[in-house]
Amino acid sequence: MFLINCPFCGEREQSEFKAGGEAHIVRPKQPTELSDDQWAEYLFMRKNIKGIQFERWNHIHGCRKWFNMVRDTSNDEIKAVYKMGEKPPVK
Amino acid sequence: MTKNLRVKSSKLVDETYRISFKFNGTTYYGFKGDTLASALLANNIHLVGRSFKYHRPRGIMTAGSEEPNAIVQLHNGTSRTEPNVRATEIEIYEGLVASSQNCWPSVKFDIGGINNFLSPLLPAGFYYKTFMWPASFWEKYEYFIRKSAGLGKSPDVPDPDIYEHKYIHCDVLVIGAGISGLIAAKTAAKNGFKTLLVEEKSYLGGSTIYQDSEFFKINNQNSASWLEKEINEIKKIENLEIKTRTSVAAFHGYNFLLARENLTDHLPLEQRENKTRQRLLKIRAKKVITATGSIERPLIFDNNDRPGILLSSAIKKYADLFGVACGEKNILFTNNDSAYETAISLIQKGIKVQAIIDNREEIDSKLIKETEKNNIKIYKGYTIVDTFGYKRINSVSIMKLSKDGQKVVGSKENISCDSLGISGGWTPAVHLFTQSGGKLKFRDDDQIFIPNTYPSNQISIGSCNGDFTLDEILINAPKLLKQFLNIKKTEYENIEIYSAFNKSKRNIWLLPSNKIVGKTKSFVDFQNDATAKDIKLALREGFRSIEHVKRYTTTGMGTDQGKLGNMHALGIISETASSKMSELGTTTFRPPYTPLTFGTIVGRNVGKYFDIIRKTPIHEWHVENNAEFENVGQWKRAWYYPQNGENMHEAVQRESKAARDSAGILDASTLGKIDIQGTDASEFLNRVYTNAWSKLEIGKCRYGLMLNEDGMVYDDGVTTRLDENHYIMTTTTGGAATVLGKLEDYLQTEWPELDVYLTSVTDHYATISVCGPNSKKIIQKVIPEIDLSDKDFPHMSFKNSKIGKVKCRVMRISFTGEQSYEINIQANYAKSVWEKCMEAGKEFNITPYGTETMHLLRAEKGFIIAGQDTDATMTPIDLQMDWIVSKKKFDFIGKRSLYRSDTIREDRKQLVGLITDNPEEILEEGAQIVADMNKTPIEMLGHVTSSYFSPNLKKSIALGVVKGGKNMMGQKLIIPMEKKQINVTVTDPVFLDKENKRLNA
């Protein structure tokens, strides 16, 4: 079980959190102007990387804030956590 | 048979304290400190069970948690019965009752033993290959396979014991209290770390605590005496907590570990009452030191599984620690020096060693010299090729090994014995390390896997790290500890160590025989009866990956998880397939390390504590008024209120009729309620609902449908505008938490610029819904000052009011199609307001109704229930609810998906009404809907989602989803049931009051 450093609360058990899939997928500003393929790309297509992955997490049983996490999926090492809207602190 | 093999008072056993216990119906005696295994051995009993597949007689093989054979059922037929308990771990207590498993009628005469003679017909994969066809026979096979499968019997009455969970946080966790773990714990604690030391056994000191000979010395004392002094010191350290009988089950990422602390399993049953039996420790440690030791390897040769064959180290342990001889004529068979340690221990205690058979040709060490001094014959460069004795070994055949160790030469020689100790060297117990994500490397010198890279803040020390001898441990462990704990020095710097152990070893994974492999039974996995032959067969049949070979042969898949034989399986694969051990890798070690009871896993979360129960503030009234309850998520909701012995159907018919004819009352408090405030609240609702919200006047209510981004209906409910920037949203009961979560997600991540605040107020407000033609009169009586005239308070509007001094919100909204008012009031006043409504409604025969009637009433009106009439594949268009989807709005969640090529298909499943030809026939929810029974295969058009008998329409009504149903109005369809076909006609889903006359009445 991970120990996650919530950017608002500090270190907490993973059981307080919910994973929310890939991060930095921006909802299109003008969905109506997209083709089916472009919309499908936004809606369905997600990466499943072995290695460095950018993820959304929610401190659901805590402050209920969403934040981002950089995690190495090959060994579960959490490289960084940062607030929504912030740039990832690592590449 | 009843011989006493107790040789000498020993370290652990208290011979002044006699304990009686039963094994397979016979009473035996042992002493306090004995395990079931040591007590049985003292009574000269080796045969304790039968193997899984061939039902071969099996005996005690080890003296620890790695035991594959000696697994027993405790207290069979009682509430405390437990299967698969390792006799080598359970400590005896007065009144213990144990019995053998996997044998019938008895362990001595077992019918299943016939499998042993059929074994040429039962190779690896036998079940996969044989029971595949004809497929229709499977039901017949299954009965017999199930009967012969499984180990032990599960209890069939509730467990009377108490279990609990506990969190522990520490600076340093040390796993294993052998010599390495003890010096690690002492060093950590003395340097100020809050330390926890856990040990699976009842005593501290590991194997060193009984290493009492002049060949192993520390600072000029026998190593056992030295360690005993250490232990006495360690017990006094304040910031060190020691937990014995505590086995680490799992080592997860970020140093999170699960351990089982056993508190009462060693006590007589009558002393266990009201005590916690086992505790699951959830440990989060800043640093973990793994000192789990090593497990002796068996040797793989023909018939290496007979009762009386034990690991050499187990024979030593039984002699040294328990004072028990495993036999009176012992033979030891080895490829390394460990067996000589055993020999010296046995000699010291006057137990006869018949001979030692050593794979190695040229050997010389102090231990060997000492053994030879005692006139024990050593066969150097020999191997055992066969053993004899069905229920107990009585002799072995040996032959000389060729120079290269690939075959045997010369003639056979037989030696008689009643016990055989085998030693194939040592395997580091790296299970927990690899569970944590650690990667291993292969050390060619002694053919072992040792830790290589650590995924978290942890180290392995001692023999689990490949340091087997006393000098290696005492030199390397302090060095590693200094670095790991970042300390300058330890108290073990200038220690004097003497170890006579010579590390030479001749590793042969599968010993050669004078027979061909196919004619031998050389067991690799003793519990699952996987032999070397099976592994070779798997390779011949094309399996290459170790994970595949494991599953095909079931090697390493028993309750012992192959702690003994896994390495040999790898070795045999490596040799047969000419691949390198380091490239093969190991199979994955999964938690738990040793089996956990279900009780430990669930802890206190049993019975009424199994899940959280949510009750409305009116719950007690429902109980007092005979309600039956239904679970909706965690909520208990009144389902129906049977009167005078009514069944559900009768009660629901009565309630439904009363609600339409006069007045009904429903506790709707479980509906999710979200308070929405902020200057952008209207804009926010515009974006999350499919319809438009900007123009909703203050004091008005509106029904909304919420979609997922994929266009599928997700939740629905009525939202009321309380003020310019203030709304109250209702959600479905089950959707409350996820809707809030979804709204928060969009607010925080997609639209952080919006000024909107969300608060869940589900538990703060109770909702009482009064419906029916007389509802207005009843509400007027309860709230005299409110103007309920249709002009001033029309359908879909809201008013603030007061009942006495208590503020409340009254909404005129309806889920039944009747004129209906909802009173929302602070939860703690709800029951008294409900009772007030009941009192006021008495003259109108106000009838409380439950969820079942609510569902029926809304179905008459064609209102959907999100989650019942929809699944995650229904768009609003599919529901024939086009009217609620705004064409004007620029965007809302899911909008773009409503005109994807798939969602605009005409032949999607669409919601329709279904009327049965026979008005008395009620369809089954979930039943399939078809048009043509003669087509093969029959095309399934859809299914029934809701179905009731409507007392108001006096006929059966149903909702269903049907492919292209929108354009099938009036068409006949068929519901095929097991014994009949039901004819139905497709209709509009609104069955009652299409004009909404009743709503606005």
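Residues numbered from 1 in each chain as written. Chains lettered and ligands numbered in written order. Predicted model: local features only at pLDDT ≥ 70, side-chain atom pairs only at ≥ 80, totals over all residues.

A. Geometry of the pairing of strand 2 (residues 10-13) of chain A. All names here are of chain A. Here strand 1 (residues 3-6) runs beside strand 2; their pairing, made up of 4 bridges, is antiparallel. Looking across to strand 2, one finds that Cys 6 is bridged to Gly 10. A loop of 3 residues connects strand 1 with strand 2, the two strands running antiparallel in sequence. (Pairing = 2+ DSSP bridges. Helix = DSSP H or I, 4+ residues; strand = E, 2+ residues; numbered from the N terminus.)

B. Broad picture of the interface of chain B and chain A. Taken residue by residue, the interface counts 21 residues in chain B and 18 residues in chain A. The leading source of residues in the side of chain B that touches chain A is helix 20 (residues 736-750) of chain B, at 6 residues. A class-by-class count of the residues in the side of chain B that touches chain A yields 4 nonpolar, 8 polar and 9 charged. (Contact = placed C-beta atoms within 7 Å. Nonpolar A, V, L, I, M, F, W, Y, C, P; charged D, E, K, R; others polar.)

C. Fine view of helix 18 (residues 648-661) of chain B. All names here are of chain B. If you check helix 18, its first and last C-alpha atoms are 20 Å apart, about what 14 residues at 1.5 Å a residue would give, namely 20 Å. The complete set of buried residues in helix 18 reads Ala 651, Val 652, Glu 655, Ser 656, Ala 658, Ala 659 and Arg 660. For helix 18, the elements touching its buried residues are strand 33 (635-640), strand 34 (664-667), strand 40 (765-771), strand 44 (847-848) and helix 23 (851-860). (Expected span 1.5 Å × (residues − 1). Buried ≥ 20, exposed ≤ 12 C-beta atoms within 10 Å, placed from the backbone.)

D. Examining the sheet that holds strand 6 (residues 77-83) of chain A more closely. Residue and element names in this part refer to chain A. Strand order in this open sheet of 4 strands is 3-4-5-6, and the pairing throughout is antiparallel. The open sheet terminates on both sides in strands that have one partner only, identified here as strand 3 (18-22) and strand 6. For this sheet, the mean inter-axis angle between neighbouring strands, taken without regard to orientation, is 35°. Across 6 bridges, strand 5 (residues 66-72) lies against strand 6 in antiparallel orientation. (Axes fitted to C-alpha atoms, helices over the stretch in contact; angles between N-to-C directions.)

E. Inspection of the environment of B:Arg551 at higher detail. For B:Arg551, the position within the fold is in helix 13 (residues 546-553). Taking C-alpha positions, B:Arg551 is 66 Å from B:Phe798, a pair spaced 247 residues apart along the chain.

F. Inspection of the nonpolar core at higher detail. All names here are of chain B. Formed by 161 residues in total, the largest nonpolar core has its most connected members in Leu 36, Leu 40, Leu 173, Val 174, Ala 184 and Leu 257. The element contributing the most residues to this core is helix 5 (residues 179-190), with 7 residues. With residues up to four places along the chain from it excluded, the contact list for Ala 184 reads Val 174, Ile 289, Ala 291, Ile 461, Ala 477 and Leu 481. By size, the runner-up hydrophobic cluster in this structure holds 96 residues, among which are Ala 658, Ile 674, Val 739 and Phe 949. (Core = buried A, V, L, I, M, F, W, Y, C linked by C-beta atoms within 7 Å.)

G. Quick peek at the environment of B:Glu230. Structurally, B:Glu230 is set in helix 6 (residues 223-234). The sequence separation of B:Glu230 and B:Leu182 amounts to 48 residues, and the corresponding C-alpha distance is 8.0 Å.

H. Inspection of the packing of helix 21 (residues 775-782) of chain B against helix 22 (residues 830-841) of chain B at higher detail. Residue and element names in this part refer to chain B. Between helix 21 and helix 22, whose axes approach to 9 Å, the crossing angle comes to 120°. The orientation of helix 21 with respect to helix 22, classified from their angle, is oblique. Crossing angle aside, the handedness with which helix 21 passes helix 22 is right-handed. Touching Ile 778, Lys 781 and Val 782 of helix 21 are Lys 836, Cys 837, Ala 840 and Gly 841, all from helix 22. Considering only residue class, the contact of helix 21 with helix 22 consists of 4 nonpolar, 1 polar and 2 charged. (Parallel < 35°, antiparallel > 145°, perpendicular 65-115°, else oblique. Left-handed = near helix turned anticlockwise from the far one by under 90°.)

I. Highlighting unusual backbone geometry. All names here are of chain B. In this chain, Pro 591 is followed by Pro 592 through a cis amide linkage whose omega measures -5°. By secondary structure assignment, the location of Pro 592 is in the loop between helix 15 (581-584) and helix 16 (598-602). Residue Thr 936 is joined to Pro 937 through a cis peptide bond whose omega torsion reads -10°. Here Pro 937 lies in the loop between strand 46 (928-930) and strand 47 (940-950). If you check the backbone angles, Arg 245 has positive phi at about 50° while not being a glycine. When you line up the elements, Arg 245 lands in the loop between strand 12 (240-243) and strand 13 (246-252). For Asp 529, which is not a glycine, the phi torsion comes out positive at approximately 60°.

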